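Remarks on the overall topology
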Amino acid sequence: MLINNEIPVIGITMGDPAGIGPEVIVKALADTDIRRRGRFIIYGLHELLTYAADMAEIEVFWWRDQHERISRQCPPGVVVADYDEINWMGDNPQQPSKIGGQASMRFVCDALNDAKTGKIDALVTGPINKESWQMAGFKYAGHTELLTKQCHAKRSAMMFVGGPFRVVLATIHEALFSIRHHFIIGRVFDPIDLVNDALIKWFGIAQPKIAVAALNPHAGEAGQFGDEEKRIISPAILMAQETGIDVVGPFPADTLFYQALSGKYDAIVAMYHDQGLIPIKLLAFDKAVNVTIGLPIIRTSVDHGTAFDIVGKNLANPQSMKEAIKLACNMAQLKAKNKTKK
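Residues numbered from 1 in each chain as written. Predicted model: local features only at pLDDT ≥ 70, side-chain atom pairs only at ≥ 80, totals over all residues. Heavy atoms only, no water.

On to the nonpolar core, then. Proteins that are soluble and globular tend to have nonpolar side chains buried together. In this structure, Leu29 and Ile325 are the most contacted members of the largest nonpolar core, which totals 97 residues. If one sorts the elements of this core by residue count, helix α11 (residues 319-341) sits on top with eight residues. What Leu29 contacts, discounting residues up to four positions off in sequence, is Ile12, Ile34, Arg35, Phe40, Ile42, Phe61, Val78 and Ile325. (Core = buried A, V, L, I, M, F, W, Y, C linked by side-chain atoms within 4.5 Å. Buried < 20%, exposed > 50% of the residue type's maximum accessible area, 1.4 Å probe, protein only. Helix = DSSP H or I, 4+ residues; strand = E, 2+ residues; numbered from the N terminus. Contact = heavy atoms within 4.5 Å.)

See the structure below:
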């Protein structure tokens, strides 16, 4: 827990060792402006980080310790919590693998435990490969589902912050044609409620204004193109309004995001994955950050995958990792400030 003006301790997980996680972490933290914002613990493999630094011609700026010995009282700067018992630097190709899934799961579970016990103030996750997790026997669809279960959170939602937008998703990793089978009022109300709370608690917005996208073209056109707007989305909005949340909609998505460009809304609730992410990635492809809201801990993440095809080529852009780290630091300090006021 932060005390007075102490800078936050941020845990960063490497993600899948076969991916670009080591490279984007090294490049992001090589920026001295980023390093001034906190103290950092990298959960991963020292050897891979050193290799990434060598490829990018970056001098090593961190020190290493065994992951079992890491504590909150580590010196200022960057320390690598090294899992040197993992024999990675053998013949491990840049592709999904069982060992990659096992390693990335260890990193995130240990970091999550440290976040829950207060050893770190926020968690930033590097990119994992879902196929690697499946190969290792883990059935989670991604970080969001894992963290929600491990934190015993009753509700959570995936929010993306990038460019002029903050977008939270009503449905996440689901086949588009399957959404209709479990598209209920609670699936829309929960993200409205969660993002309103997150904007107040984590972003310092006293009275958030939230807009909700429709599911169907033209917001259903009075039922001609589907009745989900009348039957599900509008009742969810009304429920949220009755609790005092400033939320409006549903609006056709093709015009809503254009209106949000001017800052008219503090957040948008999108009905499905691509509806929300296409605008974000169009305007902030390299800078978007994934935030899990509804958890008792702070978690941010890069908005990209493992990019196996460019590993070892020094081509990975670290900007999303930089933004994820900066946002985690800001959220941790605002959380501490709010606790001090109480």
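So that's the structure; there's more coming.
A few words now on the pairing of strand β7 (residues 165-169). As a general feature of sheets, a regular strand has side chains that alternate between the two faces. With respect to burial, β7 is a largely interior element, four of its five residues being buried. Of the strand pairs in this sheet, strand β6 (residues 157-162) and β7 are connected by four bridges, and their pairing is antiparallel. Paired with Phe160 across the strands is Val167, a residue of β7. The turn joining β6 and β7, which pair antiparallel and follow one another in sequence, is formed by two residues; a positive phi near 60° is taken by Gly163. One ladder, built from three bridges, connects β7 with strand β10 (residues 267-270); its direction is parallel. Residue pairing across strands places Leu169 opposite Ala270, the latter belonging to β10. (Pairing = 2+ DSSP bridges.)

Listing the buried residues of helix α3 (residues 46-55) in full gives Leu48, Leu49, Ala52 and Ala53. End-on view of α3: buried residues confined to an arc of 140°, all on one side of the axis. For α3, the exposed residues lying more than 90 degrees away from the buried face are Glu47 and Asp54. Buried residues along α3 sit against α1 (21-29), β2 (39-44) and β4 (78-82). Where α3 terminates, the next one or two residues include Glu57, which has phi positive at roughly 55°. (Arc of directions from axis to C-beta.)

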